[in-house]
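# Summary of structural features
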Amino acid sequence: MSERNYSLLGPDGARAVETGLAAAEWYHTEVPRKVMKELMGRSDGPAIRDTIVLYGCMILFAGLGIWLWPSLWSAPFWLAYGVLYGSASDSRWHECGHGTAFKTPWMNNAVYQIASFMIMRNAATWRWSHARHHTDTYIVGRDPEIAVMRPPEFAKLILNFFGILDVLKFFPTLIQNALTGPTKDERTFVPESEWPKVRRVAQVHLAIYLATIALALWMGSILPLMVIGLPRLYGAWHHVMTGLLQHGGLADNVIDHRLNSRTVLMNRVSRFIYWNMNYHVEHHMFPMVPYHALPRLHETIKHDLPAPNRSIAEGFRQMWPALRRQLRNEDYFLKRELPATAKPYREDFHTAALGAAE
Amino acid sequence: MTQWIDACATADVDEEDLIRFDHAGRTYAIYHSPEGEFFATAGKCTHEEVHLCDGLVMGHLIECPKHNGQFDYRTGEAMRAPVCVNLKTYPVRVEGGRVMLQVE
């Protein structure tokens, strides 16, 4: 395979449906039902604690930034606020979108709506996009959330560390959504019954941005935009850094998350911002396990998974050369060794993909 | 035409849990509610044909293991996206420690 076509309306997606690669049954490590039930158990405590810390820090840092504005002394506080706004919102959007962060549904939904606004994603559209990402993870032409397409475009990857491409794409889509509902591509994965919701959400987001811009013009200052909107640019780097590691340089068009997802052990601050999504193989294999139980799930199934990268730096040292190599050979990917205790990869399921691995 | 079939023993399903039951080429899910009652639904999620037996029962909700969609297993009502289509339910009765399921 080469010359991938990532369009959701293109030939690769149609071929995935024809061959049964789409909506396939994926490999799962066997976990006793009793253990899995305990791991899947929901509680409000950890997410309430983390949400109080997150929003508390955001108010504190933004407050100090506003107080010290426009002095350069305000810069560190904006940088800290930006990471919480432009990166922690990604993981909150993700976990609350799954409905696993809190036990209480309205809490999941409230944090999901706020996080969707901050990360500039339509709360109605992206719920469905992410469902498809879990059904068809890195299946070309089916998964709308493939962060690194082949061949990789490094300039785009680097620009997105500052959220530039995401934001440039977001606003035209926002306006289109607000006027006419989902785009043509979005209509391939958002059910028709949800289209009015997509439009309403876009109208609310658009109104908030217009009000913020109007306030900035009235004040003759970008300060309101430093609080709302711009942090999605100057604070995006952390979620892009961790997000690239999720699947970058690994296989596509396979049905075993051990081949296309990466677990990376991280420092405590990054794990707080990322809400434990560094346990990414585990999350994809068992999306019902809440973020706070992922370290325990990792301990439970690590005998069946490739060894995790031991740090973000190690993950990048492994991923980056693989991405560079995909510039010359689109089919190349990293195939990580499994421990002796693991069930082997099903080579017969993945003949096309595994043929290109090293 | 409907018929009652023997699905499982009451002790086979833990309280606030479910099991999978296959019969005549179809798959079902049998639930044991926190109040001790038994219920039955179609065995696969209406969203993407995933077996519900690996999901999580929370009170009267069953959450799909793939996309976290939720149904009320007593009525089959779709309660949380991405599920939009209700789940088919089946009458259940308990006789002598056995869970009986009425199927078509």
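Residues numbered from 1 in each chain as written. Chains lettered and ligands numbered in written order. Predicted model: local features only at pLDDT ≥ 70, side-chain atom pairs only at ≥ 80, totals over all residues. Heavy atoms only, no water.

### A closer look at the UniProt feature "domain: Rieske" (unreviewed entry) in chain B
For clarity, the threshold we go by: UniProt positions are given in the numbering used here, feature names are shortened, and annotations may be inferred rather than shown by experiment. The helix and strand labels rest on DSSP assignments: H or I over at least four residues marks a helix, E over at least two residues marks a strand, and numbering proceeds from the N terminus.
This chain's UniProt record puts "domain: Rieske" (unreviewed entry) on residues 5–101 of chain B. Secondary structure across residues 5–101 of chain B divides into 0% helix and 48% strand, with the first and last C-alpha atoms of the span separated by 5 Å.

### A closer look at the sheet that holds strand E2 (residues 17–23) of chain B
Counted only if it meets this: In short, DSSP must find at least two bridges between two strands for them to pair.
Overall, antiparallel pairing links the four strands, which are arranged E2-E3-E4-E9 (chain B) in an open sheet. The outermost strands of the open sheet, each flanked by one partner alone, are E2 and strand E9 (89–90) of chain B.

### As for the interface of chain B and chain A
The test is simple: Whether two residues are in contact is decided by their heavy atoms, any of which lying within 4.5 Å being enough. Two parts placed together each lose some accessible area; with a 1.4 Å probe, that loss summed over both constitutes the buried area. Every case where a carboxyl oxygen of Asp or Glu lies within 4 Å of a side-chain nitrogen of Lys or Arg is listed as a salt bridge. What qualifies as a polar contact is a pair of N or O atoms within 3.5 Å, subject to a donor-acceptor requirement within protein and to the restriction that residues adjacent in sequence count only when both atoms come from side chains.
The interface of chain B with chain A comprises 22 residues on the first partner and 20 residues on the second. In total, about 1,600 Å² of surface goes out of reach between chain B and chain A, with carbon and sulfur atoms giving 51% of it. Counting every contact that joins chain B to chain A gives three salt bridges. The shortest N-O distance in the salt bridge between Glu63(B) and Arg42(A) comes to 2.7 Å. For the pair chain B and chain A, the number of links is 13 residue pairs in polar contact (both at pLDDT 80 or more).

### A look at helix H4 (residues 75–98) of chain A
Residues and elements named next belong to chain A. Which entries qualify depends on this criterion: Here a helix's expected span is defined as the number of its residues, less one, multiplied by 1.5 Å. In this scheme, a residue with accessible area under 20% of its type's maximum is buried, one over 50% is exposed, and one in between is partly exposed, where area comes from a 1.4 Å probe on protein chains only.
Over its 24 residues, H4 extends 34 Å from the first C-alpha to the last, a length consistent with the 34 Å expected when each residue adds 1.5 Å. Along H4, 19 of the 24 residues are buried, which leaves the element largely enclosed by surrounding structure. Directly after H4, the chain includes Gly99, whose backbone phi takes a positive value near 80°.

### Things to note about the layout of surface pockets
Put simply, the rule reads: A cavity here means a set of points on a 1 Å grid, drawn over the protein atoms and nothing else, where a 1.4 Å probe fits but cannot get out; a pocket is an open set with protein on both sides within 12 Å along at least five of seven lines, and a residue lines either one if it has an atom within 4 Å of a point. Grid points are joined across faces, edges and corners, and a volume is the space filled by probe spheres set on the points. Amino acids are sorted into nonpolar (Ala, Val, Leu, Ile, Met, Phe, Trp, Tyr, Cys and Pro), charged (Asp, Glu, Lys and Arg) and polar (every other residue, Gly among them).
Here the second largest pocket defines a volume of roughly 780 Å³. Considering the residues around the second largest pocket, the lining is formed by 31 residues, among which Glu25(A), His28(A), Val50(B), Asp54(B) and Pro65(B) are closest to the centre. Of all the elements in the fold, those that place two or more residues in the lining of the second largest pocket are helix H2 (33–40) and helix H15 (280–285) of chain A. When residues in the lining of the second largest pocket are grouped by element, the largest group, three residues, is from H2(A). The residue inventory of the lining of the second largest pocket, partitioned by class, reads 15 nonpolar, six polar and ten charged.

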